[in-house]
Amino acid sequence: MAIAGTASMTINEMREFASFSAAEQRYIKRSLDIGLGRQDAFKLWARSEGENAAIRSQYVAYQELKALRATIPHDATIAQVEGFIGKLVRVAAFDLSQERISSFSAFRFLYERLLGADVRPWLPSGFCAAAALPQIRPEQRKVLLQSLSEAAATAPGWSDREPSFYPEYIEAAEAA
């Protein structure tokens, strides 16, 4: 039964990932390579000097991930929340300002993998705070904030099950 449940969860995660735009999929894979230290993102993802600069900036922004993983609040004291949310919003604002993620669903998918299942209760507030910042273009801000469903914003509880599907770059020759 456990194997069937895990396989079903993996398939659902793959379906969700497939529902994202090509730009979101590419950004999520690149971000996972950078945030989890899986690949040399410059070699794999940079197609231009602009992308080189963006990847360099992302490496800098993602230096906060280790601290975020270690400080996810469980007791939710004000002191814990303040330090954690501030860092989460800073990293999330970087990602949203790149304009490659256009929905809460894609944001949640990425951050569950970057930070683990324990971050789920904090993602709606981190997303809303980052999406509402003036660094996000007003048109993009509207799209992002409207993508957060009422159900996601008011969820009474969250699964503590870790994600099982981590999308990766596949060479065109390997895919064929």
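Here's a quick rundown of the structure.

A separate point is the layout of surface pockets. Within this model, the largest pocket holds a volume of roughly 230 Å³. Forming the walls of the largest pocket are 16 residues, and the residues nearest its centre are R108, E112, R120, W158 and S159. Sorting the residues of the lining of the largest pocket by element identifies α1 (2–19), α7 (104–115) and α8 (123–131) as the ones contributing at least two each. If one sorts the elements of the lining of the largest pocket by residue count, α7 sits on top with five residues. Of the residues in the lining of the largest pocket, the class split is eight nonpolar, one polar and seven charged. Estimated volume of the second largest pocket: approximately 160 Å³. What lines the second largest pocket is A23, R26, Y27, R30, R47, G50, E51, A54, Q98 and R100. Within the residue set of the lining of the second largest pocket, elements represented by two or more residues are α2 (22–35) and α4 (49–61). For the lining of the second largest pocket, the element with the highest residue contribution is α2, accounting for four residues. By residue class, the composition of the lining of the second largest pocket is three nonpolar, two polar and five charged.

With a phi close to 60 degrees, E99 is a non-glycine residue in the positive phi region. Assessed through its relative accessible area of 34%, E99 is described here as partly exposed.

Counted at 1.5 Å a residue, the expected span for α2 with its 14 residues is 20 Å, and the 20 Å between its end C-alpha atoms agrees. For α2, the buried fraction is high: eleven of the 14 residues fall into the buried class. Residues of α2 that are buried: E24, Q25, Y27, I28, K29, R30, S31, L32, D33, I34 and G35. Phi for G37, located one or two positions after α2, is positive at around 65 degrees.

What describes two packed helices is the angle between their axes and the distance between those same axes. Look at α2 against α4: their axes get within 10 Å of each other, and the N-to-C directions meet at 50 degrees. One way to sum up the angle between α2 and α4 is to call them oblique. At the point where α2 passes α4, the crossing takes the right-handed sense. Where α2 abuts α4, its residues R26, Y27, R30, S31 and I34 lie against E51, A54, I55, Q58 and Y59. In terms of residue class, the contact of α2 with α4 is made up of five nonpolar, two polar and three charged.

Further remarks concern the packing of aromatic side chains. In this structure the tally under the stated criterion is twelve aromatic pairs. Note on F17 and F165: the rings are 5.8 Å apart at their centroids and 65 degrees apart in plane angle, and the pair reads as edge-to-face. Within this pair, whereas F17 is found in helix α1, its partner F165 is found in the loop between α10 (150–153) and α11 (172–175), the two being separated by 148 residues in sequence. In this pair, the class of F17 matches that of F165, namely buried. Ring geometry for F84 and W122: centres 6.1 Å apart, planes at 65 degrees, overall edge-to-face. With F84 in helix α6 (residues 78–97) and W122 in the loop between α7 and α8, the pair connects residues that are 38 residues apart, well separated along the chain. Summarising the burial analysis for this pair, F84 and W122 share the class buried. Taken together, F17, F20, F109 and F165 form an aromatic cluster joined through their ring pairs.

Procedures and definitions
Residues take numbers from 1 onward in each chain, read along the sequence in its written order. Where local features are concerned, this predicted model is filtered to residues with pLDDT of at least 70; where side-chain atom pairs are given and counted, the filter is 80 or more; whole-chain, interface and lining totals use all residues. Each side-chain value is derived from all of the structure's non-hydrogen atoms; neither hydrogens nor water enter the calculation. Think of a 1 Å grid over just the protein atoms. A cavity is a set of points where a 1.4 Å probe fits yet cannot get out, a pocket is an open set with protein on both sides within 12 Å along at least five of seven lines, and lining residues have an atom within 4 Å of a point. Grid points are joined across faces, edges and corners, and a volume is the space filled by probe spheres set on the points. Only DSSP runs of H or I covering at least 4 residues are called helices, and only runs of E covering at least 2 are called strands; the numbering of each starts at the N terminus. Three categories are distinguished: nonpolar for Ala, Val, Leu, Ile, Met, Phe, Trp, Tyr, Cys and Pro, charged for Asp, Glu, Lys and Arg, and polar for the others, with Gly belonging to the last. Summary of the burial criterion: residues with accessible area below 20% of their type's maximum are buried, those above 50% are exposed, and those between are partly exposed, where the area comes from a 1.4 Å probe applied to protein chains only. Working rule for helices: expected span equals 1.5 Å times residues minus one. The axes used here are C-alpha line fits, helices contributing only the stretch in contact, and every angle between their N-to-C directions lies in the interval 0 to 180 degrees. Here the word oblique covers every angle except those under 35 degrees (roughly parallel), over 145 (roughly antiparallel) and from 65 to 115 (roughly perpendicular). By convention, the crossing between two helices is left-handed when the near helix turns anticlockwise from the far helix through less than a right angle, and right-handed when the turn is clockwise. Only heavy atoms matter for contacts: two residues are in contact if any of them lie within 4.5 Å across the pair. Here a pair means two rings of Phe, Tyr or Trp (six-membered ring of Trp) with centres within 6.5 Å. Their orientation is stacked below 30 degrees between planes, edge-to-face above 60, and tilted elsewhere.

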